Amino acid sequence: MPVRRSIYKSTAQLRAMIEPGLITAAALDAVRALIAPGVTTLELDAAASAVITGRGAKSNFQMVRGYRHTICASVNEQVVHGIPNSRALEPGDIVSIDAGAEYHGWNGDSAFTFVVPDESRPEVVAERSRLSEVTEGSLWAGIAALATASHLGEVGAAVQDHIDRSGEGYGILREYVGHGIGRKMHEAPSVFNYRVPDPGAEVRPGLAVAIEPMVVLGDQATFVEDDDWTVSTRDGTAGSHWEHSVAVHDDGIWVLTAPDGGAAGLAPFGVTPREIG
Ligand code: MG
Ligand code: MG
């Protein structure tokens, strides 16, 4: 597969992606602070929107044709692309929130999962929290792999290995993958969350990608609901989605959508993020 030069950005271009990354992180932090039973995903959407517009940025999700919201909020058997609505969050719900900001023509994209506390169902909370924990771990394993990878395929292998090593028998979605990011939220190349025969794009300074494992308790098969957006598991089991936008530059890697550049998440893997010169 030919690799176009255009997937590699200059140092100045990567630097321009820091602010939209931080705005995206702040929007997700605002959502995180609101999480409680009774809160609706529309209220979470409004909180994310206020942060993004308040910092002079635009919601890049709203620039996706046919989509009107700032976040995607996927609840329980929904894995990705859930549309915010007026349903109140219930104890024990597992919710994945995905958001992105465009600032001065550059994009950020990030997602996290949380479980609404439920004292009456500790086993459900434990099972779903473990799913989220392992999925987040697989994201960091993929990011850590990017630090030393020669080709992008090594990222997907690291994500899959992390999931497989958990011994939980989780499914990894196959139809939805990560992507390059820059002037547009979704750019080439694809970033798989599993092993593929093709080694993928060369990893070298200038590469900026969104890595986003989508993992489910049961079988990986999904369908798109009647709203034409929401991706749900066929077997009805819960899903988790974690995502960060990451830059590869001359001195190493930097997680654009984490205020610490990914230092905390990468520490268990012995990787230290480096600021973009
Ligand atoms: Mg996203
Ligand atoms: Mg993405």
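Below is a summary of the structure that appears in this document. (Residues numbered from 1 in each chain as written. Chains lettered and ligands numbered in written order. Predicted model: local features only at pLDDT ≥ 70, side-chain atom pairs only at ≥ 80, totals over all residues. Heavy atoms only, no water.)

Thoughts on the environment of Val196
In plain terms, the rule: The numbering of helices and of strands both runs from the N terminus, where a helix is a DSSP run of H or I of at least 4 residues and a strand a run of E of at least 2. Buried residues are those whose accessible area, probed at 1.4 Å on protein chains only, stays under 20% of the maximum for their type, while exposed residues exceed 50% and partly exposed ones sit between those limits.
Locating Val196 in the fold gives a position in the loop between strand S10 (187-191) and strand S11 (208-211). Assessed through its relative accessible area of 25%, Val196 is described here as partly exposed. In this structure the C-alpha to C-alpha distance between Val196 and Ala88, which are 108 residues apart in sequence, comes to 40 Å.

Points about the coordination of the magnesium ion (ligand 2)
Here is the rule: Coordinating N, O and S atoms are those within 2.8 Å of the metal (3.2 Å for Na, K and Ca), and as water is not part of the atoms, a site may appear to have fewer donors than expected.
The coordination sphere of the magnesium ion (ligand 2) contains the protein donors Asp109 (OD), His179 (NE2), Glu212 (OE) and Glu243 (OE), at a distance range of 2.1 to 2.3 Å. All donors of the magnesium ion (ligand 2) come from a single chain, and their spacing in sequence reads D-x69-H-x32-E-x30-E. Between the magnesium ion (ligand 2) and the magnesium ion (ligand 1), the interatomic distance is 3.2 Å, and Asp109 donates to each metal, bridging them. Taken together, the positions of His179 in strand S9 (residues 178-180) and Glu212 in the loop between S11 and strand S12 (214-216) put the pair 33 residues apart, joining distant regions of the chain.

Thoughts on the packing of aromatic side chains
Counted only if it meets this: A pair of Phe, Tyr and Trp rings is counted when the ring centres sit within 6.5 Å of each other, with Trp represented by its six-membered ring. The angle between the planes then sorts it: under 30 degrees is stacked, over 60 is edge-to-face, the rest tilted.
The tally for this structure, following the rule as stated, stands at four aromatic pairs. Ring geometry for Phe112 versus Trp242: centroids 6.3 Å apart, planes at 65°, classification edge-to-face. Taken as a pair, Phe112 in strand S7 (residues 110-115) and Trp242 in the loop between strand S15 (239-241) and strand S16 (244-249) lie far apart in primary sequence, 130 residues in all. Among the residues examined, Trp242 registers a relative accessible area of 9% and is labelled buried. Within the aromatic cluster, the residues linked to one another by ring pairs are Phe112, Phe114 and Trp242.

Notes on the nonpolar core
The nonpolar side chains of a soluble globular protein tend to be buried, and buried together. What counts here: What we call a nonpolar core is a set of buried Ala, Val, Leu, Ile, Met, Phe, Trp, Tyr and Cys residues that are connected through their side-chain atoms within 4.5 Å. Every residue pair with non-hydrogen atoms within 4.5 Å of one another is taken to be in contact.
By size, the foremost hydrophobic cluster in this structure holds 45 residues, and its most contacted members are Ile97, Ile143, Leu146, Leu152, Leu207 and Ile211. The contact partners of Leu146, leaving out residues within four places of it in the chain, are Leu152, Val155, Val203, Leu207, Val209, Ile211, Val246, Val248 and Ile253. If you look at the next biggest cluster of nonpolar residues, it comprises 12 residues, including Ile94, Val115, Ile163 and Ile172.

Some remarks on the pairing of strand S4 (residues 94-99)
Side-chain direction in a regular strand flips from residue to residue, so the side chains alternate between the two faces of the sheet. How we decide: When DSSP locates at least two bridges between a pair of strands, those strands are taken to pair.
The buried count for S4 comes to six of six residues, which makes it a mostly enclosed element. Burial of S4 is two-sided: the residues Ile94, Ser96 and Asp98 facing one way and the residues Val95, Ile97 and Ala99 facing the other way are all buried. As judged from the five bridges shared by strand S2 (residues 71-75) and S4, these two strands associate in the antiparallel manner. Among the inter-strand pairings, Ser74 is bridged to a residue of S4, identified as Ser96. When S4 meets S7, the two strands line up antiparallel, connected through six bridges. Each bridged residue has a counterpart across the sheet, and for Asp98 the counterpart in S7 is Ala111.

Observations regarding the sheet that holds S7
Put simply, the rule reads: Simply put, an axis is a line fit to the C-alpha atoms, just over the touching stretch for a helix, and the angle between two N-to-C directions goes from 0 to 180 degrees.
Spatially, S2-S4-S7 is the arrangement adopted by the three strands of the open sheet, whose pairing is antiparallel. Here the strands that pair on one side only, and so sit at the sheet edges, are S2 and S7. Looking at each pair of strands side by side, their axes are set apart by 15° on average, direction ignored. Along the sheet, helix H2 (residues 18-34) contacts S4 and S7; its crossing angle with S7, the most-contacted strand, is approximately 15°. Running over the sheet, helix H4 (residues 122-148) touches S4 and S7 and is turned about 160° from S7.

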